[in-house]
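Structural overview
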Amino acid sequence: MSTTHPQGFLAAGVPAGLKSTGAKDVALVVNQGPSYDAAVVFTANRCQANPVIWSREVAKDGVVRAVVLNSGGANCYTGPEGFQTTHATAELVASRLGVGAGDVVVCSTGLIGLHNDRDQLLAGVEAAATALSPDGGQDAAEAIMTTDSVSKTVLVEGDGWSIGAMAKGAGMLAPALATMLVVITTDAAVPSDVLDRALRAACQVSFDRLDSDGCMSTNDTVALMASGASGIAPEEAEFTARLTEACSDLAMQLLHDAEGADHSIAITTVNAATEDDAVEVGRSVARSNLFKAAIFGKDPNWGRILASVGTTQAAFDPADLDVALNDVWVCRHSTPAEDPAAISLEERDVTVTIDLKAGAASATVWTNDLTHAYVHENSAYSS
């Protein structure tokens, strides 16, 4: 039931004709209270879609009553008409719920530069508002899919309270506080300032460490709403831990559904001088097309890892680096060590460990291989 498992939430997902397939393409998630605290994080891309521009303003006061989402068109770089469509969408949701439009977050996903048919979209919003249900979470999760092969949901239970969430994303997964579209609900009683801190902390070690293809979306949004309907106020540390668990689960679902991927790769940098250094090193390797192509070809070419490490500003001695692939230490002290032939890359999951020997910090960045299928899918996305 994802977003509708926590008490106080309704959801729906309906077809509005925005997708040529006739599949569900409009979703609505509504907080019925008694509290309406919220936190939202957005893409760091300076080129932002109309829904992001609108929703940034909505989120400023920490109150969100509903999130309305559409797939089938990003409503990005569509000019004043596109912004008017976003505004009209929020106004319609607000009128149906009896709330203010300034409390409605709007999200869109799909092709940039494509005008969403306003009449179709608003008809879909009407239908979603009519279809709202305590059992509508799965329909909503399906309605936000684009190139996703499966819907992505998670449920985490606290002590008398819970977190439910849905996400979409299979490409353009690169860090920017948030990635993809994600809606998270909880019936815990948590004020907006705590929600904001918890969400940013959770995103930092989950979505923000997922770097599928190095491409940053214009529409990325992660919205968290708290209804307080359980009447339970968990400690901030406990809530943050459970929220991080939910976000991490969704991040791994997104990774495993990355467009055309054959391998999911966890790159862990250890003994770094700082956590930022560890992230920088891991991200450099994750964005190496040479490395990603090697993993696709099942070639344990560890030299491509070291070459990527060397492009960073992290602290390390280039003459004293260790590298392991699937726990086989193929490089010790920046020289060949164990035989790469001992490495099997037949399985989906691949691990890379990089020892910088410069401190005590560590971090993991997740990526996937570069495949023919990824190139094919993204070469024909708009057609």
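Refer to the structure presented above.
Criteria and thresholds
Residue positions are counted from 1 within each chain, in the order its sequence is given. Note on the predicted model: pLDDT of at least 70 is required for a residue's local features to be given, and 80 or more for side-chain atom pairs to be given and counted; whole-chain, interface and lining totals, by contrast, use all residues. Side-chain numbers here rest on the full set of heavy atoms in the structure, without hydrogens or water. Think of a salt bridge as a Lys or Arg side-chain nitrogen and an Asp or Glu carboxyl oxygen that are within 4 Å of each other. To qualify as a helix, a DSSP run of H or I must reach at least 4 residues; to qualify as a strand, a run of E must reach at least 2; elements of each kind are numbered from the N terminus. For each residue, the accessible area found with a 1.4 Å probe, counting protein chains only, is set against the maximum for its type, and the residue is called buried under 20%, exposed over 50%, and partly exposed in between. Helix axes are fitted to C-alpha atoms over the stretch in contact, other axes to C-alpha atoms as well, and angles between N-to-C directions run from 0 to 180 degrees. Note on terminology: angles under 35 degrees are roughly parallel, angles over 145 are roughly antiparallel, angles of 65 to 115 are roughly perpendicular, and the others are oblique. The hand of a helix crossing depends on one turn: near helix anticlockwise from the far one by less than a right angle means left-handed, and clockwise means right-handed. Residue contacts are defined here by distance: any two heavy atoms, one from each residue, within 4.5 Å place the two residues in contact. When residue character is reported, Ala, Val, Leu, Ile, Met, Phe, Trp, Tyr, Cys and Pro are called nonpolar, Asp, Glu, Lys and Arg charged, and the others, Gly included, polar. What a helix is expected to span follows from its residue count: subtract one and scale by 1.5 Å. Residues grouped as a nonpolar core are buried Ala, Val, Leu, Ile, Met, Phe, Trp, Tyr and Cys residues, joined through side-chain atoms within 4.5 Å. Residues counted as positive are Lys and Arg, residues counted as negative are Asp and Glu, and His and the chain ends are not counted.

Before going further, it helps to spend a moment on the pattern of salt bridges. As enumerated under the stated definition, the model contains 16 salt bridges in all. Across the pair E245 and R242 runs a salt bridge whose closest N-O atoms are separated by 3.1 Å. A residue pair is termed a helical-turn pair when its members lie 3 or 4 positions apart in one helix, as E245 and R242 do in helix α6 (residues 236-256) at three residues. Two residues, R332 and D322, come together in a salt bridge whose shortest N-O distance is 3.3 Å. Here the residue R332 occupies a position in strand β12 (residues 328-332), and D322 occupies one in strand β11 (residues 322-325), the gap between them amounting to ten residues. Classification of R332 by relative accessible area gives partly exposed; the value is 34%. Among the ionic contacts, a cluster of salt bridges with common partners joins D320, D322, R332 and K357.

As a further point, take the packing of helix α1 (residues 50-59) against helix α2 (residues 79-97). One can describe the packing of α1 onto α2 by two numbers: an axis separation of 9 Å at closest approach and a directional angle of 50 degrees. The orientation of α1 relative to α2 falls into the category oblique. For the pair α1 and α2, the sense of crossing is right-handed. In this structure, α1 contributes N50, P51, I53 and W54 to the contact, and α2 contributes G79, G82, F83, T86, H87 and A90. Looking at the contact of α1 with α2 residue by residue, the classes come out as five nonpolar, five polar and no charged.

With that settled, consider α6. Its 21 residues give α6 an end-to-end C-alpha distance of 30 Å, which sits within 8% of 30 Å, the value for a rise of 1.5 Å per residue. Taken residue by residue, α6 has F239, T240, L243, T244, A246, C247, L250, A251, L254 and L255 as its buried positions.

A separate point is the nonpolar core. Grouped burial of nonpolar side chains is what soluble globular proteins tend to show. Formed by 48 residues in total, the largest nonpolar core has its most connected members in L28, V67 and L69. If we skip the residues at most four places from it in the chain, L28 touches L10, A11, A12, A66, V67, V68, V93, A128, A129 and L132.

All right, on to the side chain of D25 then. Assignment of secondary structure puts D25 in the loop between β1 (9-14) and β2 (26-31). Here D25 occupies a buried position and makes no salt bridge, while the nearest side chain of opposite charge, K19, is found at 6.4 Å. In this structure, D25 is in contact with V14, P15, A16, G17, L18, K19, L69, N70, S71 and A143, ignoring residues within four places of it in sequence.

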